[in-house]
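Observations on chain architecture
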Protein chains: 2
Amino acid sequence: MTETPHPLYDRHADTLNRALTAITERGYWSAYPESPSPRVYGETAAADGKAAFEAYLNGDFPLDQPSADRVATETSPFGLELNVRYPHAGADELVAAASAALPAWRDAGPQVRVGVCLEILDRLHKHIFELANAVQFTSGQAFVMAFQAGGAHALDRALEALAYAYAEMTRHPRTAEWEKAAGKGDPLRMTKTFHVVPRGVALVIGCNTFPTWNSYPGLFASLVTGNPVVVKPHPRAVLPLAITVRYAREVLAEAGFDPNLMLLAPEAPGEKLASTLALHPAVKIVDFTGSTEYGDWLEANARQAAVYTEKAGLNTVVVDSTDDFAGMCRNLGFTLTLYSGQMCTTSQNILIPAGGIETDQGHKSFDEVAGGIAAVVGKLTADPARGVELTGAIVNDGVLERLDEVTKVGEPVLESRTVEHPALPGAVVRTPTIVKLAADDTATYGREWFGPISFAIATDSTTHSLEIMRTTVGEKGALTAAVYSTDEAVLDAAEAAAVDVGVHLSCNLTGGVFVNQSAAFSDFHGSGANPAANAALTDGAYVANRFRIVQSRRHG
Amino acid sequence: MTETPHPLYDRHADTLNRALTAITERGYWSAYPESPSPRVYGETAAADGKAAFEAYLNGDFPLDQPSADRVATETSPFGLELNVRYPHAGADELVAAASAALPAWRDAGPQVRVGVCLEILDRLHKHIFELANAVQFTSGQAFVMAFQAGGAHALDRALEALAYAYAEMTRHPRTAEWEKAAGKGDPLRMTKTFHVVPRGVALVIGCNTFPTWNSYPGLFASLVTGNPVVVKPHPRAVLPLAITVRYAREVLAEAGFDPNLMLLAPEAPGEKLASTLALHPAVKIVDFTGSTEYGDWLEANARQAAVYTEKAGLNTVVVDSTDDFAGMCRNLGFTLTLYSGQMCTTSQNILIPAGGIETDQGHKSFDEVAGGIAAVVGKLTADPARGVELTGAIVNDGVLERLDEVTKVGEPVLESRTVEHPALPGAVVRTPTIVKLAADDTATYGREWFGPISFAIATDSTTHSLEIMRTTVGEKGALTAAVYSTDEAVLDAAEAAAVDVGVHLSCNLTGGVFVNQSAAFSDFHGSGANPAANAALTDGAYVANRFRIVQSRRHG
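Notes on the structure in this doc start here. Model, not experiment: these values are computed from the prediction.

1. As for the overall build of chain A
The helix and strand tally for chain A stands at 18 helices and 22 strands. Out of the 556 residues belonging to chain A, those deemed buried represent 63%. Expressed as a percentage of contacts within chain A between residues at least 6 apart in sequence, the contacts between residues at least 24 apart total 75%. For chain A, the accessible area works out to roughly 18400 Å², and carbon and sulfur atoms hold 51% of it.

Pasting the structure below:
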């Protein structure tokens, strides 16, 4: 029952070992270069990737998996007609195919599985430009962001998940000799074998905005621990996960495994395939990113499964004081502009004392603080050609409806503008709005306004701001919080509040690190300690319950 | 924010480090001697412990915790009047007191907490005879078993849980320096702090049969990860956990912490305090051992909490062949006799080919196999004075009712007898029964008959036996399975079936290791991979989600 060395494990052992070190150090490390520069990826990589992406359009996506018919459900925020037709099958058919693939994958053991999974990452990395184009045109992200968040960083997060899962699977030996003294007789001796067994079929439910980044950790954590994975993409962002499944199946088959270890599960309009799959008795793990309402439904109803959810929250900034007013405004303004605020980590509620704050530029009134941030957004989006490379496009009509609705709730510090994309005339582009609110308007800022919508909220004091942060994040959750202060006591109070309500805190970001960005292998994404998510990407708790240990013991 | 060395950590660091090694090796190790011999524990230890136990009887239990009145709910299976009166409080009062104790305990950090928890174990170990008497007279276990399972082994399991939890809390550094190159400018630098934060108040719901052994792992895993613990004992087995809470509070207070970090929550008859506590919004972790019905209710309803349950199952033995017929019968007969089969790990369904089996004593018919096991039980229980030291007493009337009911379902191979306890005339003692069933009588053997009740089930063949094991364990779960065979192919088939249905398997036990016993630091108890339990005691998954990581980052 010892594992034989596997060529794919050998090929990637150095990467795995480096990742295993990185997760114990939590300093800076990355395996996949985030620059799309030709100096890194070669002169033809970008064009090749774009061509590969375009070859998928208006055609049958190449996936040889069980299917009854085909579906095409994508509409690009950039106005492009995708019309990619995906093989479509019912829940029972998908789960049956996945279940049949399980035993051989389970019995291959952790080392073979991690080798195959690392090869899948490597294969996806070879197709990173193709992936980036798919992420761009389904999510509405601008290209560079799609390349980084949807490509390199997603692969880093996947590798991080593999490392945690491999560490967890191998923390116990495969066999152990147990010998206990037994009075004057021979000692008792047992040989014990500890089998790592998967829970069953895993379901990954993807989101529209980050189809790869948010799906990869759960997907690879489940796969490497032995669970076949059914990937249910968002109907508007199928292609990035279809490409993922395509290359994963290619590698699985090459390695001699049933490619049905990974299956794409696109759905027809109104089919509710995610819910059918999530309640299937053979589905034992569900990973989901999306709305609070659906995440709560999954947690309440998919009781046969371990359910990992990332939902909505009220990301908060407490502005107390700063010794770099310009840097603070630049940093926050960039955060609000990036992907037009359509990140689960983008700040929504900016809490500023009504009486203003002290800065390196002297006292700044509430309006000057809000206006300083707004001015940066305005500047970053003034030129359409440069602006759209930051904002990208609006992911769906729900965002447009909220942009309309928010004009009625308060006085704008900055109004949202419609921008004509210079190269893609069908693109739906909007710039961020910032709306002034009073501290007692919790009915407005106490719920999530997903999209390019933030609130400058006038509080009585920083103490009041911290109280609001405790209340709103405690009740509704948050993925990020930030504080700006020159006073160590305020920073400590903010950190104490963040610990109490379980939200990650960034302090005095004025440079090239932004509150809405987290670095794989160093930053945890989500805490699992507030209502915005019941788990973090990625830590021990995220992987440890994706498999179980079943032991067998015999007298030695 | 660095941790200062703590004298309690220093005092117990060697024990902790040895335990940390043991959980990576899973060989034999034990920290607490299991022999109650005066050579180990001293000449007066037994008498002192008995006297300490007796001093609790007919009195107010010494606990200085919030309370409104007192309750006394225990009736000993040995007929002793306990009449110990415990302080009694409502759920809100208990949870409020526990919550108030949380912040300082959280902020003390993992090293201080593990030091305090190890000191609690040490303190409990000093009172092991007192504990053993309390376990004996509430559970009905005979003294030696109460000393071992309820004392030494419970402490070993607690230490095992502390080791896993400490490893998990300290796998990441407390702080990390992150430095990322940023083009031609200065690199980006951040200092990151990773706070280990508890989930909230933890609830432990104890059982009647193993009040300490089944409660300690969850109790100490929750406490060491920063969660105050409310201990809700079974109304018939309060004293062992009251003693536990007493000494834990003593140590917590000596170490400068709020003793309300551990609170006893005894309930008045019909109060349903466990359910009220389990649904309390501040209760974020629930550990439970007991019925499938209540465990399922907790999993479905205590949705604000992480719920760990050990429930009922159909422990199964597949008898195919043996080269030590006498040893097999001795081993199984002892398993059925120990604590009159009232262990969650005792075998219930013994699957034997109707045509008999091959043995070192030649062919044995079905009746000879069943009779061989029955003969051992008969011999072990023939002498009342020696028998009661194995069987102990019957834990509650439900067991007596099932013993009555089972006389109607099939032909007895061995009838249960009522035994007069030679020293304790009020003790309720019954010997095990074994009942013959046909393989198609799944209506009978397909449910759990907790108590001294086993079935000898006639199957078509070993292949048929393995099918039954797959079906029954797959549907209803099991904590243990065993196989007897001289054929490697049968052992492998049994192991494959065990892996498929997720049950721990013991092969060819004929000596001093029994299927109903598991060794801390080596055997996993429960797999979490079948319906009998949703978690194992103890592994990474059991501890990792009892705390969360909340990070703070600042520019360095």
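Having seen the structure, we can now continue with the description.
2. A word on the environment of A:Pro110
Take A:Pro110: it is sitting in helix H4 (residues 91–126). The sequence separation of A:Pro110 and A:Asp296 amounts to 186 residues, and the corresponding C-alpha distance is 32 Å.

3. Details of the relation of the copies chain A and chain B
Between chain A and chain B, which share one sequence, the superposing operator has a rotation angle of 180° and an axial displacement of 0.0 Å; the RMSD is 0.0 Å. Given the turn and translation reported, the copies of this chain are related as if by a two-fold rotation axis. When each C-alpha of chain A is compared by its distance to the rotation axis, A:Ala541 comes out closest, at 3.3 Å.

4. What about the packing of aromatic side chains?
Per the counting criterion, the structure on display carries 42 aromatic pairs over all chains. Ring centres 5.5 Å apart and planes at 65° place the aromatic pair A:Phe78 and A:Phe137 in the edge-to-face group. Of the two residues, A:Phe78 sits in the loop between strand S1 (69–71) and strand S2 (86–88) while A:Phe137 sits in helix H5 (residues 128–139), which places them 59 residues apart along the sequence. A residue is classified by how much of its surface remains accessible, and A:Phe78, at 2% relative accessible area, is buried. With centroids separated by 5.0 Å and ring planes inclined at 85°, the aromatic side chains of B:Trp105 and B:Phe257 adopt a geometry described as edge-to-face. Within this pair, whereas B:Trp105 is found in helix H4 (residues 91–126), its partner B:Phe257 is found in the loop between helix H8 (239–254) and strand S7 (262–264), the two being separated by 152 residues in sequence.

5. With respect to the nonpolar core
Ranked by size, the top nonpolar core spans 222 residues in total, and within it A:Phe220 and B:Phe220 carry the most contacts. With near-sequence residues (within four places) excluded, B:Phe220 lies in contact with B:Cys117, B:Ile120, B:Leu121, B:Leu124, B:Ala158 and B:Leu162.

6. With respect to helix H1 (residues 7–25) of chain B
Residue and element names in this part refer to chain B. A rise of 1.5 Å per residue sets the reference length of H1, with its 19 residues, at 27 Å; its end C-alpha atoms lie 28 Å apart and thus fit the reference within 8%. The sharpest bend along H1 comes to roughly 55°, located at Ala 13. Burial in H1 covers these residues: Leu 8, Tyr 9, His 12, Ala 13, Leu 16, Ala 19, Leu 20, Ala 22 and Ile 23. Elements that come into contact with the buried residues of H1 comprise H4 and helix H6 (143–169).

7. Here we look at the interface of chain A and chain B
With 75 residues of chain A at the interface, the matching set in chain B holds 75 residues. A combined buried area of about 5900 Å² lies between chain A and chain B, and 49% of that area is made up of carbon and sulfur atoms. Per-residue buried area on chain A facing chain B is highest for A:Arg548, A:Arg553 and A:Arg554; these three make up 13% of the total on that side. The closest approach of N and O atoms between B:Arg553 and A:Asp523, which form a salt bridge, is 2.9 Å. The interface formed by chain A and chain B includes 44 residue pairs in polar contact (both at pLDDT 80 or more). Per-element accounting of the side of chain A that touches chain B gives the leading share, eight residues, to strand S22 (residues 547–555) of chain A. Where S22(A) lies against strand S21 (residues 505–507) of chain B, three bridges are found, and the strand directions are parallel. Residue pairing across strands places A:Arg554 opposite B:Cys507, the latter belonging to S21(B).

8. Section: the sheet that holds strand S9 (residues 306–310) of chain A
Strand pairing in a sheet is mediated by backbone hydrogen bonds. Such pairs are either parallel or antiparallel. Residue and element names in this part refer to chain A. The strand order across the open sheet formed by five strands is S7-S6-S5-S8-S9, and the pairing between neighbours is parallel. In this open sheet, the two strands that pair with only one neighbour each are strand S7 (262–264) and S9. Direction aside, neighbouring strands of the sheet carry axes that sit 15° apart on average. Here strand S8 (residues 283–289) runs beside S9; their pairing, made up of five bridges, is parallel. Bridging across to S9, Phe 288 finds its partner in Thr 309. Sheet contacts for H4: strand S5 (201–205), strand S6 (229–232), S7 and S8; angle to S7, the most-contacted strand, approximately 165°.

9. Some points on the sheet that holds S7(B)
Residues and elements named next belong to chain B. One open sheet holds the five strands; their spatial order is S7-S6-S5-S8-S9, and the pairing between them is parallel. Two strands bound the open sheet, and with one partner strand each, they are S7 and strand S9 (306–310). Averaged over neighbouring strand pairs, the angle between their axes works out to 15° when direction is ignored. In the packing of H4 onto the sheet, contacts are made with strand S5 (201–205), strand S6 (229–232), S7 and strand S8 (283–289), and the angle to S7 comes to roughly 165°.

10. Thoughts on unusual backbone geometry
With an omega dihedral of 5°, the bond running from A:Leu537 to A:Thr538 counts as a cis peptide bond. Backbone geometry at B:Lys272 places phi at a positive 55°, although glycine is not the residue there. As for its position among the elements, B:Lys272 is in the loop between S7 and helix H9 (273–278). The class for B:Lys272 is exposed, based on a relative accessible area of 58%. Here B:Tyr339, not a glycine, exhibits a phi torsion of approximately 50°, which is positive. Tracing the sequence through the fold places B:Tyr339 in the loop between helix H11 (325–337) and strand S12 (349–353). The class of B:Tyr339 is buried, set by a relative accessible area of 0%.

11. As for the state of the cysteines
What the rule picks out here adds up to zero disulfides over all chains. Between B:Cys329, a free cysteine, and B:Cys507, which holds the nearest cysteine sulfur, the sulfur-to-sulfur gap is 18 Å.

12. What to know about the pairing of strand S10 (residues 316–319) of chain A
Looking along a regular strand, one sees the side chains alternate between the two faces of the sheet. Residues and elements named next belong to chain A. Here S10 shows two buried faces, one formed by Thr 316 and Val 318 and the other by Val 317 and Val 319. Relative to strand S12 (residues 349–353), S10 is paired through three bridges, and the arrangement is parallel. Counterpart to Thr 316 in the pairing with S12 is Asn 349. Alignment of S10 against strand S20 (residues 481–484), held across four bridges, turns out to be parallel. Bridged to Val 317 within S20 is Ala 482.

13. What about the pattern of salt bridges?
Scanning all chains against the criterion turns up 64 salt bridges over all chains. A salt bridge links B:Asp500 to B:Arg470, with the nearest nitrogen and oxygen atoms 2.7 Å apart. Here B:Asp500, found in helix H17 (residues 488–501), pairs with B:Arg470, found in helix H16 (residues 462–476); they are 30 residues apart in sequence, far enough to count as distant. Under the relative-accessibility criterion, B:Asp500 is labelled partly exposed at 39%. In this structure B:Arg470 comes out as partly exposed when scored by relative accessible area, which is 33%. Shared partners join several salt bridges into a network, and the residues in it are A:Arg11, A:Glu119, A:Arg123, A:Glu250 and A:Glu254.

Criteria and thresholds
Residues numbered from 1 in each chain as written. Chains lettered and ligands numbered in written order. Predicted model: local features only at pLDDT ≥ 70, side-chain atom pairs only at ≥ 80, totals over all residues. Heavy atoms only, no water. Helix = DSSP H or I, 4+ residues; strand = E, 2+ residues; numbered from the N terminus. Buried < 20%, exposed > 50% of the residue type's maximum accessible area, 1.4 Å probe, protein only. Contact = heavy atoms within 4.5 Å. Areas by Shrake-Rupley, 256 points an atom, 1.4 Å probe, with all protein chains shown as cover. Least-squares fit on C-alpha atoms with pLDDT ≥ 70 in both. Phe/Tyr/Trp six-rings, centres within 6.5 Å; stacked < 30°, edge-to-face > 60°. Core = buried A, V, L, I, M, F, W, Y, C linked by side-chain atoms within 4.5 Å. Expected span 1.5 Å × (residues − 1). Bend = angle between axes of the 7 residues up to and from the residue. Buried area = accessible area lost by both parts, 1.4 Å probe. Salt bridge = Lys/Arg side-chain N within 4 Å of Asp/Glu carboxyl O. Polar contact = N/O pair within 3.5 Å; in protein donor to acceptor, adjacent residues only side chain to side chain. Pairing = 2+ DSSP bridges. Axes fitted to C-alpha atoms, helices over the stretch in contact; angles between N-to-C directions. Disulfide = S-S within 2.5 Å.

In short, geometric facts, not functional conclusions.
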